[in-house]
Amino acid sequence: MIKFDHIEVHVKDAEKYAIFLKKLFKQGRFKKISDNNTYMFLSSDNIHIEIKESKAYKNIFNIESGVGFCLPCLRMKNAKKHLDNIDQLKIIKKIENPDGPCYFFKDYEGIDWHIKDYDIQDIYINI
């Protein structure tokens with residue numbers, strides 16, 4: 001079973017945006033999850049939004065054109081095996097999270113995704 005884990009949003013001020021999301025969703029909570037000022041917001045209906053400051057990622061996207069929602073994240077057991085069976089994507093890189101590997105891939109439309117190769121809500125999302 002594939003589960004939707006979270007979606008990212010890249011903004012100029014992560015903490016300020018977390019406060020905005022709490023107002024927008026009327027409830028929810030957020031927590032700083034990394035030293036580079038990244039936050040995870042959790043709405044009352046279990047939507048996870050990872051909020052990253054674009055200045056922390058200035059080498060990979062432009063603040064003027066790169067602000068916004070991006071990089072949807074999925075999770076499932078045997079994710080690599082699953083991805084290997086889909087012709088319309090290309091794995092770009094792999095990172096190791098404490099709970100297992102995470103694969104970044106680009107689909108046939110050029111959209112970047114990532115998938116965690118484990119089924120649990122890890123320390124980054126389980127706030």
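Shown above is the structure to which this text applies.
Note that the structure is predicted; figures quoted are calculated from it, not measured.

Draft legend 1. Expanded view of the pattern of salt bridges. Summed over the entire model, instances satisfying the criterion amount to nine salt bridges. Between Asp112 and Lys106 there is a salt bridge; the shortest N-O distance is 2.9 Å. Given a relative accessible area of 33%, Asp112 falls into the partly exposed group. Overall, the relative accessible area of 34% leaves Lys106 in the partly exposed class. The shortest N-O distance in the salt bridge between Lys116 and Asp122 comes to 3.0 Å. Among the charged side chains, a network of salt bridges with common partners joins Asp5, Arg75, Lys116 and Asp122.

Draft legend 2. Spotlight on the side chain of Lys116. Positionally, Lys116 belongs in strand E8 (residues 112-116). For Lys116, a relative accessible area of 3% gives the class buried. Other than its neighbours up to four places away in sequence, Lys116 contacts Asp5, His6, Cys73, Leu74, Arg75, Met76, Ala79, Asn97, Pro101, Cys102 and Asp122.

Draft legend 3. Inspection of unusual backbone geometry at higher detail. Despite not being glycine, Asn46 shows a phi value in the positive range, around 75°. Its place among the elements puts Asn46 in the loop between strand E3 (38-42) and strand E4 (48-53). With a phi close to 45°, Leu71 is a non-glycine residue in the positive phi region. By secondary structure assignment, the location of Leu71 is in strand E5 (residues 68-75).

Draft legend 4. Geometry of the packing of aromatic side chains. As enumerated under the stated definition, the model contains four aromatic pairs in all. Here Tyr17 and Phe20 contribute two aromatic rings whose centre-to-centre distance is 5.3 Å and whose plane-to-plane angle is 45°, an arrangement assigned as tilted. Of this pair, Tyr17 and Phe20 both sit in helix H1 (residues 14-24), three residues apart, which is roughly one turn of that helix. Consider the rings of Phe105 and Trp113, whose centres lie 6.2 Å apart with planes at 5°: the pair is stacked. With relative accessibility at 25%, the residue Trp113 sits in the partly exposed group. In this structure, Lys93 is placed above the aromatic ring of Phe104, and the distance from its NZ or CZ to the ring centre is 5.0 Å.

Draft legend 5. Molecular detail of the pairing of E3. The element E3 is largely enclosed, with a buried count of five among its five residues. Judged from the five bridges that link them, strand E2 (residues 29-34) and E3 form a sheet pairing that is antiparallel. Along E3, the bridge assignment pairs Arg29 with Leu42. Hairpin connection of E2 to E3: three residues between the antiparallel strands, including Asn37 at a positive phi of 70°. Relative to E4, E3 runs antiparallel, the two sharing four bridges. Pairing of Leu42 across the sheet is with His48, part of E4. Counting the residues between successive antiparallel strands, the hairpin from E3 to E4 contains five residues, one of them, Asn46, with a positive phi of roughly 75°.

Conventions used here
- Residues numbered from 1 in each chain as written.
- Predicted model: local features only at pLDDT ≥ 70, side-chain atom pairs only at ≥ 80, totals over all residues.
- Heavy atoms only, no water.
- Salt bridge = Lys/Arg side-chain N within 4 Å of Asp/Glu carboxyl O.
- Buried < 20%, exposed > 50% of the residue type's maximum accessible area, 1.4 Å probe, protein only.
- Helix = DSSP H or I, 4+ residues; strand = E, 2+ residues; numbered from the N terminus.
- Contact = heavy atoms within 4.5 Å.
- Phe/Tyr/Trp six-rings, centres within 6.5 Å; stacked < 30°, edge-to-face > 60°.
- Lys NZ or Arg CZ within 6 Å of the ring centre and 35° of its normal.
- Pairing = 2+ DSSP bridges.

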